[in-house]
Amino acid sequence: MNFDMALLILCWQTACLSHNHENEQLLPGATSATEAESAELDKIHDEVTPNASWDEFNNLYAGYKSASDRTKACVKALRSASNDFKIQVTNCMVRIANASREDDNKSNMSPEEYEFIKNLREQLGLN
């Protein structure tokens, strides 16, 4: 897996975390990702990973049995990335988390998203 795919997958995993309350319209067919989060992923793709293929993303994302397996593969891929790129990954994850209002949290970031990003930062050696 290349760095760009790892970034996009981790961003989408942030969007797809299960939440107790969702205050924004869900993406059609999704159980927790919102339309706002999907739109933000598109912006991140265009700004940060414009050469990444959505077909490759979809195939790679679906190729893992679980979110945990996906996360482990992304962390493994990103271990050799520069600290600047690792920080960019977590910043993009925060953008996704803040894209929609969840749980009436003023920061828009749900507790699940916060914990996921915090744990990922630790796994990437950023704390």
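1. Remarks on the nonpolar core
So, step 1. Within the largest apolar cluster, 32 residues are counted, with the highest numbers of intra-cluster contacts made by L7, L10, C11, L78, V89 and M93.
So, step 2. With nine residues, the top contributor of residues to this core is helix α1 (residues 3-15).

2. Considering the packing of aromatic side chains
The geometry of an aromatic ring pair is captured by two quantities: the separation of the ring centres and the angle between the planes.
So, step 1. This model, assessed by the stated rule, comprises three aromatic pairs.
So, step 2. Every member of this aromatic cluster is reached through a ring pair, and the members are W54, F57 and Y61.
So, step 3. If you follow R70 out to its NZ or CZ, it ends over the ring of Y61, 3.8 Å from the centre.

3. Let's talk about the environment of Q88
So, step 1. Here Q88 shows up in helix α5 (residues 83-97).
So, step 2. With a relative accessible area of 29%, Q88 lands in the partly exposed category.
So, step 3. As a C-alpha pair, Q88 and V48 span 40 residues in sequence and 8.9 Å in three-dimensional space.
So, step 4. Among all residues touching Q88, those that are not within four sequence positions of it are L7 and V48.

4. Comments concerning the pattern of salt bridges
So, step 1. One pass over the structure, following the stated rule, counts three salt bridges.
So, step 2. E40 is the partner of R95 in a salt bridge, and the nearest nitrogen-oxygen pair spans 2.7 Å. Of this pair, R95 sits in helix α5 while E40 sits in helix α2 (residues 35-48), placing them 55 residues apart in sequence.
So, step 3. With its nearest N and O atoms 2.9 Å apart, the salt bridge here joins R95 to E47. Pair noted here: R95 is in helix α5 and E47 is in helix α2, with a separation of 48 residues, a long-range link.
So, step 4. Using a relative accessible area of 26% as the deciding quantity, one classes R95 as partly exposed.

5. Some details on helix α4 (residues 67-78)
So, step 1. The terminal C-alpha atoms of α4, which comprises twelve residues, lie 16 Å apart, in line with the 16 Å expected from a rise of 1.5 Å per residue.
So, step 2. Taken together, the buried positions of α4 are occupied by R70, T71, A73, C74, V75, A77 and L78.
So, step 3. Buried residues belonging to α4 abut α1, α3 (54-62), α5 and α6 (111-123).

6. Overview of the packing of α1 against α4
So, step 1. Running from N to C, α1 and α4 point in directions that differ by 145°, and their axes come no closer than 9 Å. Considering the relative orientation of α1 and α4, their crossing is left-handed. Of the residues in α4, those touching α1 at F3, A6, I9, L10 and Q13 are A67, R70, T71, C74, A77 and L78.
So, step 2. Considered class by class, the residues forming the contact of α1 with α4 number eight nonpolar, two polar and one charged.

Criteria and thresholds
- Residues numbered from 1 in each chain as written.
- Predicted model: local features only at pLDDT ≥ 70, side-chain atom pairs only at ≥ 80, totals over all residues.
- Heavy atoms only, no water.
- Core = buried A, V, L, I, M, F, W, Y, C linked by side-chain atoms within 4.5 Å.
- Buried < 20%, exposed > 50% of the residue type's maximum accessible area, 1.4 Å probe, protein only.
- Helix = DSSP H or I, 4+ residues; strand = E, 2+ residues; numbered from the N terminus.
- Phe/Tyr/Trp six-rings, centres within 6.5 Å; stacked < 30°, edge-to-face > 60°.
- Lys NZ or Arg CZ within 6 Å of the ring centre and 35° of its normal.
- Contact = heavy atoms within 4.5 Å.
- Salt bridge = Lys/Arg side-chain N within 4 Å of Asp/Glu carboxyl O.
- Expected span 1.5 Å × (residues − 1).
- Axes fitted to C-alpha atoms, helices over the stretch in contact; angles between N-to-C directions.
- Left-handed = near helix turned anticlockwise from the far one by under 90°.
- Nonpolar A, V, L, I, M, F, W, Y, C, P; charged D, E, K, R; others polar.

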